[in-house]
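The chain contents come next:
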Amino acid sequence: MADAPKRTVTLTDDQNGQSWKLPVLDGTEGPSVIDIRKLYGETGYFTHDPGFTSTSSCESKITFIDGDKGILLHRGYPIDQLANKSDFLEVAYLLQYGELPNPTEKQDWVKHITYHTMVHEQLSSFFSGFRRDAHPMAIMCGVVGALSAFYHDSTDIHDPVQREVACHRLIAKMPTLAAMAYKYSIGQPFVYPQNNLSYAENFLYMCYSVPAEPYKINPVLAKAMDKIFILHADHEQNASTSTVRLASSSGANPFACIAAGITSLWGPAHGGANEAVLKMLMEIGSKDKIPEIVRRAKDKSDSFRLMGFGHRVYKNYDPRAKVMQETCREVLAELGIKNDPLLETAMELERVALQDDYFVQKKLYPNVDFYSGIILRAMGFPMSMFTVLFALARTAGWVSHWQEQFGEGGEQKIGRPRQLYTGATERDFVPVDKRK
Ligand code: ACO
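Residues numbered from 1 in each chain as written. Predicted model: local features only at pLDDT ≥ 70, side-chain atom pairs only at ≥ 80, totals over all residues. Heavy atoms only, no water.

1. Here we look at the site of the ligand
Close to the ligand lie 21 residues; Leu306, Gly308, Arg312, Tyr358 and Lys362 are nearest. Here Ala269 contributes a backbone N or O atom positioned 3.2 Å from a nitrogen atom of the ligand. Contact distances for the ligand include 2.7 Å between a nitrogen atom and a backbone N or O atom of Leu306. Look at the ligand: alone it shows 910 Å² of surface, and the protein chains cover 74% of it. Taken together, the residues of the shell around the ligand break down into eleven nonpolar, five polar and five charged. (Near = heavy atom within 4 Å. Polar contact = N/O pair within 3.5 Å; in protein donor to acceptor, adjacent residues only side chain to side chain. Areas by Shrake-Rupley, 256 points an atom, 1.4 Å probe, with all protein chains shown as cover. Nonpolar A, V, L, I, M, F, W, Y, C, P; charged D, E, K, R; others polar.)

2. Quick notes on the nonpolar core
Formed by 116 residues in total, the largest nonpolar core has its most connected members in Met225 and Phe381. With 13 residues, the top contributor of residues to this core is helix H7 (residues 160–186). Once residues lying within four places of it in the same chain are set aside, the contact partners of Phe381 are Phe203, Leu204, Cys207, Tyr208, Met225, Leu376, Phe386 and Leu389. (Core = buried A, V, L, I, M, F, W, Y, C linked by side-chain atoms within 4.5 Å. Buried < 20%, exposed > 50% of the residue type's maximum accessible area, 1.4 Å probe, protein only. Helix = DSSP H or I, 4+ residues; strand = E, 2+ residues; numbered from the N terminus. Contact = heavy atoms within 4.5 Å.)

3. So, the sheet that holds strand S6 (residues 77–78)
Within the open sheet, the three strands sit side by side as S4-S5-S6. Their pairing is antiparallel. Bordering the open sheet on either side are strand S4 (63–66) and S6, each of which pairs with just one other strand. (Pairing = 2+ DSSP bridges.)

4. A look at the pattern of salt bridges
All chains considered together, the criterion is met by 16 salt bridges. Among the ionic pairs, Glu90 bridges to Lys106, the shortest N-O distance being 3.3 Å. Here Glu90 is found in helix H3 (residues 88–97), whereas its partner Lys106 is found in helix H4 (residues 103–115), with 16 residues between them in sequence. Judged by its relative accessible area of 16%, Glu90 is buried. Arg320 is the salt-bridge partner of Asp318, the closest N and O atoms lying 2.8 Å from each other. Connected through shared salt-bridge partners, Asp87, Glu90 and Lys106 make up one network. (Salt bridge = Lys/Arg side-chain N within 4 Å of Asp/Glu carboxyl O.)

5. Quick look at the packing of H4 against H7
For the pair H4 and H7, the least separation of the axes is 7 Å and the interaxial angle reads 70°. Comparing the axis directions of H4 and H7 gives the class roughly perpendicular. Judged by the sense of rotation from one axis to the other, the crossing of H4 with H7 is right-handed. Contacts from Trp109, His112 and Ile113 in H4 reach His168, Ile171 and Ala172 in H7. Looking at the contact of H4 with H7 residue by residue, the classes come out as four nonpolar, two polar and no charged. (Axes fitted to C-alpha atoms, helices over the stretch in contact; angles between N-to-C directions. Parallel < 35°, antiparallel > 145°, perpendicular 65-115°, else oblique. Left-handed = near helix turned anticlockwise from the far one by under 90°.)

Spelled out as structure tokens, the structure:
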């Protein structure tokens, strides 16, 4: 819990001079918050903050972001250290339990997760209900929600053991479901997980192996995949995580809550941006078109935005984008891709934008999605799978936030924002024959 308030701020109604003292709560890092939980009861006013630009929605110990300095910490550990020195399952453990696992804890955790990698066989028939050309994110929304029907023995949210099993199942089964969505879209048979492989290796194996041929995992690509998962594992109270928390506040089961998170992530302003970036880079095609695309991004009468640029919280270079750019080079070098036109276009676009007054003034920098699409494409993933991979990785964060709501300092109160009503005032019903 945050410390008891040591100071207050005063809110004054200029109309009648009445004033109220509001407690200020301090966290361990970042701006303090004004506690307005009793505001309506005491003043009769709501606060108005569409898009939550100035609102803290919960207390959390999982992730800290300093958007001005470009800092991202998971449980206190900087993202670049985790990406370069840890592995995804270890980060998932850290997010969930608050500390890095010791060797025994790590072994047990990996065992628990790998134990759950298979999905109920009946789920395969569930897939065949979808069109082959369905967007894999549409499939993921359906099949992850459907897990509630298949794993009913881990849906009692009041039982801590069931909650933990649900988290293990979600982290373990997401790669299997994501790979199945991919295989289904290309008409190849589903590949069962191999529990002697690492999390990232297993995912690549399920995506790219076929029963007719042996498949050799490329360790450089597996490492890159793992890093991409780490970079997407959590990001504080973003739209999809807040969606998971809000869905959960009503007491909904974990599988339904994560399915809600997936739907929120799908949008191009959030997880769908990596797909949108690649489409944009392909449309640009060559460096000489960059000035025109930058002009359009700045034009207020044009709805076009530079995809992969800007962030609600970062007003500096996204620290994940730095690691992603390095990973991009490693993957392209490993695959022998020299002078990739998309990478060259991206780097030139970044250079031009970062020198442009519009982007400088508005503090718009490349975000995590700017380079990820180039890597994923080079690794052989179709664009439609990019957001699915994001959802797979973000599941580690979603389940940690979901669990946090049940622990100390967690908020089990149903999320129920209010509104500034600007519609019609009360009026009498008019029968249809009397209406003009
Ligand atoms: N290109 C051009 N202008 C932009 C961009 C952009 N990518 N992003 C923001 N701006 C401008 C806006 O037009 C606005 O200008 P104004 O003040 O003159 O009206 C100003 O910068 C602030 O933008 P907002 O939309 O108010 O900022 P917000 O915090 O609401 O949006 C967002 C953040 C959605 C990420 C936005 O920057 C954007 O649309 N970026 C492109 C999509 C993208 O890359 N999304 C991925 C986000 S990271 C993630 O989810 C993993």
